[in-house]
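The primary structure of each chain is shown beneath.
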Amino acid sequence: MRFSGLRVLAEGLTGNRGWTPHWRDPAPKADYDMIIIGGGGHGLSTAYYLAREHGLTNIAVLEKGYLGSGNIGRNTTIVRANYFLPGNSEFYSHSLKLWEGLEADLNYNVMHSQRGLINLFHSDGQRDAFARRGNAMINQGDDAVLLDRDGVRKLLPYLDFDNTRFPIYGGLLHPRGGTARHDAVAWGYARGADRRGVDLIQNCEVTGIDIENGAVKGVQTTRGAIRATKVGIVVAGRSGQVAAMAGMRLPIESHVLQAFVTEGLKPVIDHVISFGMGHFYISQSDKGGLVFGGDLDFYASYASRGNLPMVEHVMEAGMTLMPMIGKARVLRSWGGIMDMTPDGSPIIDKTPIDGLYLNCGWCYGGFKAVPGSGFSFAHLMATDTHHAPAARFRLDRFRTGRGLMDEEGTGSQHNLH
Amino acid sequence: MRLARGGQIDRGQRIAFRFDGHRYEGFAGDTLASALLANDIRLVGRSFKYHRPRGILTAGSEEPNALVTLGQGAAQEPNLRATTLELAEGLAARSQNAWPSLGLDLLAINDLAAPFLSAGFYYKTFMWPRALWEKLYEPLIRRAAGLGALSGRANADRYARAFAHCDVLVIGAGPAGLMAALTAARAGADVILCDEDLRTGGRLNAEALELDGQPGADWAAGVTKDLAAMPNVRVMTRTTVTGAYDQGTYGALERASPAEAARPGAAQETFWNIVARRAILAAGALERPVAFRDNDRPGVMMAGAVRAYVNRWAVTPGQAVTVFGNNDDAHRTAADLLAAGVHVTALIDSRPDATTALDVPFYKGAQVCAAHGRKRLEAVSIATTSGIDKLRTDCLAMSGGWNPTVHLTCHMNGRPMWNPALASFTPTPGAIPGLTAAGACNGTMSTHGCLTEGARVAAEVLVDLGFKPADTTIPQAEDAPYRITPLWTVPGKGRAWLDFQNDVTVKDIKQAAQENFRSVEHMKRYTTQGMATDQGKNSNVAALAVLADATGRGIPETGTTTFRPPYAPVTIAAMGAGGQGAGFAPQRFTTSHRASIAAGAPMIEAGLWYRPSYFPKPGETTWRQSCDREVMMVRNAVGICDVSTLGKIDIKGPGAAQLLDFVYTNTFSTLPVGRVRYGLMLREDGHVMDDGTTARLGPDHFLMTTTTAAAGQVMRHLDFVHQGLRPDLDVSICSVTEHWAQCAVAGPKSRDLLNAILDAPIDDATFPFMACGPVMVQGVAGRLFRISFSGEQAYEIAVPARYGESLFKLLVGLAETMGGGAYGLEALNVLRIEKGFITHAEIHGRTTAFDIGMERMMSAKKDFIGKAAAARPGLVDPDREQLVGLKPVGAVKQLTAGAHLFDRAAEATRENDQGYVTSVGFSPTLDTFLGLAFLKQGRARHGEVVRMVDHLRGIEALCEVCDPVFFDKDGGRARG
Amino acid sequence: MRITCPICGERDRREFYYQGDAVALRRPDPDDTPEDWDAYLHLRDNPAGVTRDLWYHEMGCGAWLVVTRNTVTHEVLGAVLASDAARGAA
């Protein structure tokens, strides 16, 4: 079924009885060409691009819960390409281009909204660091504008320019940055993959990876054994556990990141704002809730919930930056589990086991990467060669020290990125 | 309409208030909701999506419809529940989400278009043309969405944060909570009793029940009085426990009473962190609606709420009230209405075997299948075995049963258990370590049961904590069984509401299932059911039942969504109390702060510190003029700069030298006493952590300095290396940053200046370059270090912090007589760039010793932190970017930090990127801009001309690559 | 979250700095292989369950602690001084 305004009208006139399932619920077959472990955003987009770009459709996506039950449905929905180190620059740039065509591509409105993202800075040193970043973005072919204090004031008059603890010197505007409706991204990819013949299998937990003579042969699941000679692990938040099934230790520590949404409010914040000094970022959803978040709780955790010290720190940052949000009420808080790597950048690579591929380590930047990650991982799985924009996301970079992408400059302590 | 008598209101105290501009009156003790109902106001809000007219549904914080805005200007506060707002003189509430008025809301047209706005319609349209999304569709959607509005002005009210500790936290002060608190308090435990209502009693305030022969509310008041008189008890009304966190930590929001809130400077709300050894959840239960056609009409209310309005506020929400339920509890509503003299049109019970002794028209095995009327209820249709009856009525009290308030027990990912007898979820024991549920929230529905369980659970908790519970007498109270037959939806045409605020109907849930959103999480996210301000408190269980039915599963297999904190919404201002303005982070001031301000220096942030940027003199109109003068002053005379913000770490003990050898790349054990050495410190991953000088004050005594930015990190690191890796070393490490005030005295006249204040003069022989030692400064014991961050002959002199201000003033005063004076960070930065000295602009966390040309400082003779990782091939790759100096050579003379470098003829693209500029400054000494930069293979490219491109600032310049040391390359000035 | 410091007693999480897995106490020898160093610096067991990790009582006594903790439930099972743990490991 093709979605369109016309279809919505036609269905409305006939009692909305004609809508069909977004995806099937097939039983797992005994054998597939490829298995994707993980039906989150990255796994679903990988399956979609395997089908669309490489014509591979004898594929199963195995999801232990429901589709999109991980971080794709538990983030602050920000889409941007404002990185500055080689590797990240070209990857996120590619991902953003995919975002820009996503609705047409998927025939699904993911509400990608390029409302502009502003990173604030509070000293001359920070301005120079953001200038380096902005220039790198333009070198990459993306967009960036350096705003002075008055430039920020024009766009964000409600910030506290007079009393805040860290005076606002200016901001780096990324006009093509913005947000998208997170769940819809998962559903759009799921529907797209399903329509091309991929089997999306929910409530199917992988319990083992079958390896013979250094090559993958299939997986064991709660719904039986499934054979395949290529298996991709795309299970952010559980990467270590699944990799351990193949005898691997990963350069990953799992951490909880909390986020918050307020009750619905009439439009008041029209951009995405990032306040690095306070580790605070905020936007307003189309439904009217202020969606915001902060830093990790900083201790290793799989609990997808956090504690009050970080909650209060985030709220304090909001109050010092934009005290006009004080009377908005926080409706809900949640926590996502982040695959934190030693340089804060992800991994898309083969493993030492033939036919076993790894996509992980997205730290807390995975949402915006969903299209690019799936595209590049599909390329790798289909062709056994690295897709150029993701060619630096190598698993061995920590051992060799080559091509580290430590945007924060905080070094090999996992939770500092 | 107000009843003639009864209620917990003070009829002697009339309170005038406004709603949408009209003036009304209520009584002290009213909520806005009870006062509106007393004035026969039915239409109070509009729904989120269809802008349906809505009235008051509940009497508590779960209210989905009656949301209003209070206040003007900065005090404007949206989305307040009329049901919990205490009436106060002059209160002026405004309705929300309606234009131009609540009565005539143009967006009500959405209701007519509802067939086209079904679940998830927006995912299927608004895609073409692409460019219209941001330009047209999204702005329209955003404008239509949202509830109330923020003012856009900075918060001007005070909010507070507080912390408390107790043995037993009791959450909820209904019968179970009061008995629990009483039992715990009498045993001597420290007790905190919280209730979100303005008074204790819970449902006892809303019901016409007696305890020990007295009205329930009076009993509650009596017990509360006893509790409040005990020194080990804190009774916190107007306090909602919002979240359960680890190790017995609970978040709670306390609201000031209107009288308290009106006091100048009073905190409007206080957010509490309560640490409790044990907690007892006695949060009661919430009644749930039944879904039938147009069940959202103003006048359709929860039965328990109707009883609350009648009994507590002496208000009847209607003159001819119909009662509809599927459980015995609903019958109480008819009884209470009759007792209050209100006409009961009918009592309708969906259970075929129901009976009643009440003298009212009674329908058993019947269901209300439709509500009629638009802005107020006019009639209901009743489906009976013999057909449809239509009854004129202006209020329907409905009860689909009660849902135990299990929310807090789910805050640590625990899932509640389905209880078929209650047709609801009850808490899973142990879901929150240290928390036990008691009373209605635990599925115990009679008053007697709640009282007994409250006391019993408290006694168990007390034993665990080592207290001896005293025997407790349980008051006499009703112990009626709670009988229910589930009724979620009434079949029939039309739309039946589940989630009132978000306009999610039974049809939407069924459509979601039809589109294969069968997981309860998918259903929620697709339809938005449960995502409104009540977080599904009114709709979750029924929606789940509809989904279970639509997908052919039972409720337990269908599962639940997760309740997450906060239980009820909390203002950002309360949870972020103290953060507004300068309160967000500590402010650190040097001892010279006042003197710098007095000298007119603009102060700028350096981490948490404040440091002077420059010291303007009369006639100087730009910072550059001041900066240039200060630089030349240091080069030609003497300058004074407070450098106390640098980290100072005192390291003492027989193992001190060994520890330093281990944390620095270079060797310190060979440093003679009375000498200072520059040290480079790596992280264990081989990248530079920090640099600084360390002085040997005695054989086992060193003083390390760190950069301002890395002081905390280095202290932590030293403690880790010592305690975690080298516990064998006998050494003590202590930060003394704030104990010493330290000033740089730099310039050719620095020694002359010092000799004017030192009790014993120094000379080059006794105090050569890189010497250090104790000195007396006008009778004060201080320390002197001959080190230089400017390249000039320079010293840093330190005195105990209490003398810092005097020292600074003394030095600056003397310097000014010698053609010098104070200099600020701008000049400091230029001076160090001229010398090629690095700061964290260069050692930004990604650089290696190799990158900054200090690979020779990595000792081959010993192990040190970072040595192994620094040898990784990627960290010594000759192709890496290396530190260089840049001088403009083309027509454009300006350099900018953050610009990137390219070969002269190459296009400015990522692929061609050769490096970037880290620091720039105008050197008055050399009369040119200077830059420090990282350039691929930079050390081999001195003399080459590269192109600097700063797209953002529109600057391009040709630069000559050179050694980063621009001035006095052999360092003679510092030594001489 | 609350942690019992062996020196100071039970304290709020706010007083502590978190570093990561207590593997950091088992520093390889300088001439161990690059693989050993890679494992030490980067690779983690990252258990979903009981783990031992390093906390620093930064706003308290300055002691580094090895805390035994559950990463799924956040239960804190105990804490010892890192210096004691390091001596034991040595």
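Keep in mind the model is a prediction, meaning the values are calculated, not measured.

1. Description of the overall build of chain A
When helices and strands are counted, chain A shows eleven helices and 19 strands. Scaling as 2.2 N^0.38, a compact globule of 417 residues should have a C-alpha radius of gyration of about 22 Å, and chain A matches this with 21 Å. Each of the three principal axes of chain A carries a C-alpha extent, and together these read 65 × 65 × 40 Å. Counting across all 417 residues of chain A, residues that qualify as buried make up 70%. Of the contacts made within chain A by residues no fewer than 6 positions apart, 74% connect residues no fewer than 24 positions apart.

2. Details of the overall build of chain C
On a plain count of helices and strands, chain C comes out with two helices and six strands. The principal-axis extent of the C-alpha atoms belonging to chain C is close to 40 × 25 × 20 Å. Restricting the contact set of chain C to residue pairs at least 6 apart, pairs at least 24 apart contribute 51%.

3. Re the interface of chain B and chain C
Each partner contributes residues to the interface: chain B has 18 residues there, and chain C has 21 residues. Of all the secondary structure elements, the ones that give two or more residues to the side of chain B that touches chain C are α18 (711-725) and α22 (867-870) of chain B. Broken down by element, the side of chain B that touches chain C gets its largest block of residues, six residues, from α18 of chain B.

4. Describing the interface of chain B and chain A
Contacts between chain B and chain A engage 94 residues on the former and 95 residues on the latter. Among the secondary structure elements, those contributing two or more residues to the side of chain B that touches chain A are β6 (77-81), α3 (132-144), β14 (249-255), α10 (506-514), α11 (520-527), β31 (570-571), α14 (572-575) and β32 (603-606) of chain B. Broken down by element, the residue count for the side of chain B that touches chain A peaks at six residues, all from α3 of chain B. Residue composition of the side of chain B that touches chain A, by class: 37 nonpolar, 34 polar and 23 charged. Pairing between strand β17 (residues 329-340) of chain A and β31 of chain B: two bridges, direction antiparallel. Each residue of the ladder has a partner; that of Arg 329 of chain A, found in β31 of chain B, is Thr 571 of chain B.

5. A word on the packing of helix α4 (residues 175-186) of chain B against helix α9 (residues 447-465) of chain B
Residue and element names in this part refer to chain B. Put simply, α4 and α9 touch, their axes get as near as 7 Å, and they point 35° apart. When you trace α4 past α9, the crossing you get is right-handed. Every residue of α9 that contacts α4 at Pro 175, Ala 176, Gly 177, Leu 178, Met 179, Ala 180, Thr 183 and Ala 184 is listed here: Thr 447, Cys 450, Leu 451, Glu 453, Gly 454, Ala 455, Val 457, Ala 458, Ala 459, Val 461 and Leu 462.

6. Points about the environment of Thr 562 of chain B
Residues and elements named next belong to chain B. Checked against the element boundaries, Thr 562 lands in the loop between α13 (555-558) and β31. For Thr 562, a count of 17 C-beta atoms within 10 Å gives the class partly exposed. In this structure the C-alpha to C-alpha distance between Thr 562 and Phe 668, which are 106 residues apart in sequence, comes to 58 Å.

7. Examining the environment of His 701 of chain B
Residue and element names in this part refer to chain B. For His 701, the location among the structural elements is in strand β38 (residues 701-706). What makes His 701 partly exposed here is the crowd of 15 C-beta atoms within 10 Å. Between the C-alpha atoms of His 701 and Lys 652, which are 49 residues apart in sequence, the distance is 4.5 Å. Discounting chain neighbours no more than four positions away, the residues touching His 701 are Lys 652 and Ala 656.

8. Considerations on helix α8 (residues 329-339) of chain B
Residue and element names in this part refer to chain B. Across the eleven residues that make up α8, a large majority, eight, are buried. Every buried residue of α8 is accounted for by Asp 329, Ala 330, His 331, Arg 332, Thr 333, Ala 334, Asp 336 and Leu 337. Next to the buried residues of α8 lie α7 (303-311), β18 (320-325), β19 (343-349), β24 (395-399) and β25 (402-404). Positive backbone phi, approximately 80°, marks Gly 341, located one or two places after α8.

9. A few points about the sheet that holds strand β48 (residues 928-936) of chain B
Two modes of strand pairing occur in sheets, parallel and antiparallel, and in both the strands are linked by backbone hydrogen bonds. All names here are of chain B. Taken in spatial order, the six strands close into a barrel running β45-β48-β47-β46-β49-β50, and their pairing is antiparallel. Taken pair by pair, the neighbouring strands of this sheet meet at an average axis angle of 45°, ignoring direction. As judged from the four bridges shared by strand β46 (residues 900-903) and strand β49 (residues 945-950), these two strands associate in the antiparallel manner. Of the residues in β49, the one forming a bridge with Leu 901 is Met 948. Set on the sheet, helix α21 (residues 825-835) makes contact with β47 (915-923) and β48; between it and β47 the angle comes to about 115°.

10. Comments concerning the nonpolar core
Counting residues in hydrophobic clusters, the biggest one holds 465 residues, and the most contacted among them are Ala 180, Ile 280 and Val 745 of chain B. Ignoring anything within four residues of it in the chain, the contact list for Ala 180 of chain B reads Val 170, Ile 280, Ala 282, Ala 438, Gly 454, Ala 455, Val 457 and Ala 458 of chain B.

11. Focus on the domain arrangement of chain A
Residue and element names in this part refer to chain A. Segmenting chain A into domains produces domain 1 (24-77 + 183-250 + 343-416) and domain 2 (112-177 + 253-340). Domain 1 and domain 2 are separated by 29 Å when their C-alpha centres are compared. Taken together, the contacts link 16 residues of domain 1 with 17 residues of domain 2. Among the residues forming the side of domain 1 that touches domain 2, the class breakdown is five nonpolar, ten polar and one charged.

12. With respect to α7 of chain B
Along an α-helix, residues three or four positions apart point the same way, because every turn accommodates 3.6 residues. All names here are of chain B. The buried fraction of α7 is high, at nine of nine residues. Of the residues making up α7, those classed as buried are Ala 303, Gly 304, Ala 305, Val 306, Arg 307, Ala 308, Tyr 309, Val 310 and Asn 311. In this fold, the buried residues of α7 make contact with α1 (32-38), β16 (285-287), β17 (300-302), β18, α8 and β24.

13. Side note on the environment of Lys 64 of chain A
Residues and elements named next belong to chain A. Tracing the backbone through its elements, the reader meets Lys 64 in the loop between β2 (59-62) and β3 (78-79). Of the residues examined, Lys 64 has 21 C-beta atoms within 10 Å and is grouped as buried. Lys 64 sits 63 residues away from Arg 127 along the chain, and the two C-alpha atoms are 45 Å apart. If we ignore the near neighbours within four places in the chain, the residues touching Lys 64 are Cys 204 and Glu 205.

14. Describing the confidence of the model for chain C
In the predicted model, chain C carries a mean pLDDT of 96, and 98% of its residues have values of at least 70. Two numbers describe this predicted complex: its pTM, 0.97, and its ipTM, 0.99.

15. Description of the pairing of strand β21 (residues 367-372) of chain B
Taken across its six residues, β21 of chain B has five buried, putting it largely inside the fold. What sits between the antiparallel neighbours β21 of chain B and strand β22 (residues 379-384) of chain B is a turn of six residues, in which Gly 373 of chain B has the positive phi angle 105°.

16. A few points about the sheet that holds β21 of chain B
All names here are of chain B. Taking strand neighbours across the sheet as the criterion, the three strands line up as β21-β22-β23 in an open arrangement whose pairing is antiparallel. In this open sheet, the two edge strands, each paired with only one partner strand, are β21 and β23 (387-392). Across this sheet, the average inter-strand angle for adjacent strands is 25°, counted without regard to direction.

17. Quick notes on the pairing of strand β34 (residues 639-642) of chain B
Residues and elements named next belong to chain B. Neither face of β34 is open: one carries Gly 639 and Cys 641, the other Ile 640 and Asp 642, and all of them are buried. Strand direction decides the pairing type here: β34 and strand β40 (residues 740-746), joined by four bridges, are antiparallel. Bridging across to β40, Cys 641 finds its partner in Ala 744.

Rules behind the numbers
Residues numbered from 1 in each chain as written. Chains lettered and ligands numbered in written order. Predicted model: local features only at pLDDT ≥ 70, side-chain atom pairs only at ≥ 80, totals over all residues. Helix = DSSP H or I, 4+ residues; strand = E, 2+ residues; numbered from the N terminus. Rg over C-alpha atoms; globule rule 2.2 N^0.38 Å. Buried ≥ 20, exposed ≤ 12 C-beta atoms within 10 Å, placed from the backbone. Contact = placed C-beta atoms within 7 Å. Nonpolar A, V, L, I, M, F, W, Y, C, P; charged D, E, K, R; others polar. Pairing = 2+ DSSP bridges. Axes fitted to C-alpha atoms, helices over the stretch in contact; angles between N-to-C directions. Left-handed = near helix turned anticlockwise from the far one by under 90°. Core = buried A, V, L, I, M, F, W, Y, C linked by C-beta atoms within 7 Å. Domains from an automatic or database assignment. pLDDT = per-residue confidence, 0-100.

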